[in-house]
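# Chains, contacts and geometry: an overview
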Amino acid sequence: NAGVMQNPRHLVRRRGQEARLRCSPMKGHSHVYWYRQLPEEGLKFMVYLQKENIIDESGMPKERFSAEFPKEGPSILRIQQVVRGDSAAYFCASSPGGLDFNEQFFGPGTRLTVL
Amino acid sequence: SQQGEEDPQALSIQEGENATMNCSYKTSINNLQWYRQNSGRGLVHLILIRSNEREKHSGRLRVTLDTSKKSSSLLITASRAADTASYFCATPPSGSARQLTFGSGTQLTVLP
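Remember, predicted model here, so these are calculated numbers, not experimental data.

As a further point, take the overall build of chain A. A count of helical and extended segments in chain A gives zero helices and eleven strands. Listing the helices and strands of chain A from first to last along the sequence gives β-β-β-β-β-β-β-β-β-β-β. In terms of overall dimensions, chain A is globule-like: its C-alpha atoms have a radius of gyration of 13 Å, near the 13 Å expected for 115 residues. With the C-alpha coordinates of chain A rotated into their principal frame, the extents come out at 40 × 25 × 25 Å. If you sum the accessible surface of chain A, you get close to 6,000 Å²; carbon and sulfur atoms cover 47% of it. Side-chain charges of chain A comprise 16 positive and 12 negative groups, with the mean position of each set lying 9 Å from the other.

Right, dumping it as structure tokens:
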């Protein structure tokens, strides 16, 4: 059973370009979370999605950032018109459904560098 | 503001010694989790302790939880160089919310 997959692992963009980060959850997991980590800091929650639904996007910047988790295919975190401050490591995590809280399984992250 | 805050920010010990890291949080919780992150890598889940538990063991790891003080500690016994990593505590808010709030971490260095 493969773990959480993220691609690309490293992404370099120039200011004003778009960045698309992909996350494939573990098999059987229907919940996906995106986190951002700045250097020397902990992870900050961005958005929580279930299939075709955004459940909580309270950590997402109001502009330029969007996320989706379609019925088929990976979850996508999209950053439009990137700026230098968007440079960070972006981690995706997944968990199974159910009423009890389950541990989250993290992917290896995508390191975004904005030149 | 941070829900979880680890202390100390950095810790350096010799191989074979024990390492203790502390975490404080602000609001009520259902559980508290500890994660490890090796440099430049993703997070690995270490252990989850529920709010009705006081202590939990997993191999060389021992976690305590004091809900009256809103604090937790992670003890790594007989440390190894491979334990060198950043350690984070994380809490989901109480209720139905599922996202985790992470502290800023403790950077542990185990010297051979």
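Moving on from the coordinates now.
The next subject is the interface of chain B and chain A. Counting from both sides, the interface comprises 19 residues of chain B and, opposite them, 25 residues of chain A. Across the interface of chain B and chain A, roughly 1,700 Å² is buried in total on both sides, 51% from carbon and sulfur atoms. On inspection of chain B and its partner chain A, the count reaches zero salt bridges. Across the chain B-chain A interface, the total number found is four residue pairs in polar contact (both at pLDDT 80 or more). Those elements giving two or more residues to the side of chain B that touches chain A turn out to be β4 (31-37) and β5 (43-50) of chain B. A breakdown of the residues in the side of chain B that touches chain A according to their chemical character gives six nonpolar, ten polar and three charged.

Let us now look at the layout of surface pockets. Each pocket or cavity is described by its volume, and for the largest pocket that value is around 520 Å³. As for the largest pocket, its lining consists of 25 residues, of which Gln37, Pro39 and Glu40 of chain A together with Gln37 and Ser86 of chain B are closest to the centre. Contributions of two or more residues to the lining of the largest pocket are made by β9 (88-95) and β11 (110-114) of chain A together with β9 (85-91) and β11 (106-111) of chain B. Tallied by class, residues from the lining of the largest pocket come to seven nonpolar, 14 polar and four charged. Of the pockets and cavities examined, the second largest pocket occupies roughly 210 Å³. Around the second largest pocket, the lining residues are Glu103, Gln104, Phe105, Phe106, Gly107 and Pro108 of chain A together with Asn38, Arg41, Gly42, Leu43, Val44 and His45 of chain B. For the lining of the second largest pocket, the elements supplying multiple residues, two or more each, are β10 (105-106) of chain A together with β5 of chain B. Residue contributions to the lining of the second largest pocket peak at three residues, all from β5 of chain B.

A few words on the state of the cysteines. What the rule picks out here adds up to two disulfides over all chains. In this model, cysteine 23 of chain A is linked to cysteine 92 of chain A through a disulfide, with the two sulfur atoms separated by 1.7 Å. One quick way to see it: the torsion about the S-S bond of cysteine 23 of chain A and cysteine 92 of chain A is about -50°, and its sign makes the bridge left-handed. One end of the pair, cysteine 23 of chain A, is in strand β3 (residues 19-24); the other, cysteine 92 of chain A, is in strand β9, with 69 residues separating them in the sequence. Here cysteine 23 of chain B pairs with cysteine 89 of chain B through a disulfide, and the sulfurs are 2.0 Å apart. Since a negative S-S torsion denotes a left-handed disulfide, the cysteine 23 of chain B-cysteine 89 of chain B link at about 70° is right-handed. Taken together, the positions of cysteine 23 of chain B in strand β3 (residues 19-25) and cysteine 89 of chain B in strand β9 put the pair 66 residues apart, joining distant regions of the chain. Judged by relative accessible area, which is 1%, cysteine 89 of chain B ranks as buried.

Cut-off values and rules
- Residues numbered from 1 in each chain as written.
- Chains lettered and ligands numbered in written order.
- Predicted model: local features only at pLDDT ≥ 70, side-chain atom pairs only at ≥ 80, totals over all residues.
- Heavy atoms only, no water.
- Helix = DSSP H or I, 4+ residues; strand = E, 2+ residues; numbered from the N terminus.
- Rg over C-alpha atoms; globule rule 2.2 N^0.38 Å.
- Areas by Shrake-Rupley, 256 points an atom, 1.4 Å probe, with all protein chains shown as cover.
- Lys, Arg positive; Asp, Glu negative; His and termini not counted.
- Charge placed at Lys NZ, Arg CZ, Asp CG, Glu CD.
- Contact = heavy atoms within 4.5 Å.
- Buried area = accessible area lost by both parts, 1.4 Å probe.
- Salt bridge = Lys/Arg side-chain N within 4 Å of Asp/Glu carboxyl O.
- Polar contact = N/O pair within 3.5 Å; in protein donor to acceptor, adjacent residues only side chain to side chain.
- Nonpolar A, V, L, I, M, F, W, Y, C, P; charged D, E, K, R; others polar.
- 1 Å grid on protein atoms, 1.4 Å probe; cavity = no way out; pocket = protein on both sides within 12 Å on 5 of 7 lines; lining within 4 Å.
- Points joined across faces, edges and corners; volume = space filled by probe spheres on them.
- Disulfide = S-S within 2.5 Å.
- Buried < 20%, exposed > 50% of the residue type's maximum accessible area, 1.4 Å probe, protein only.

In short, the description is geometric, and any link to function would need to be established separately.
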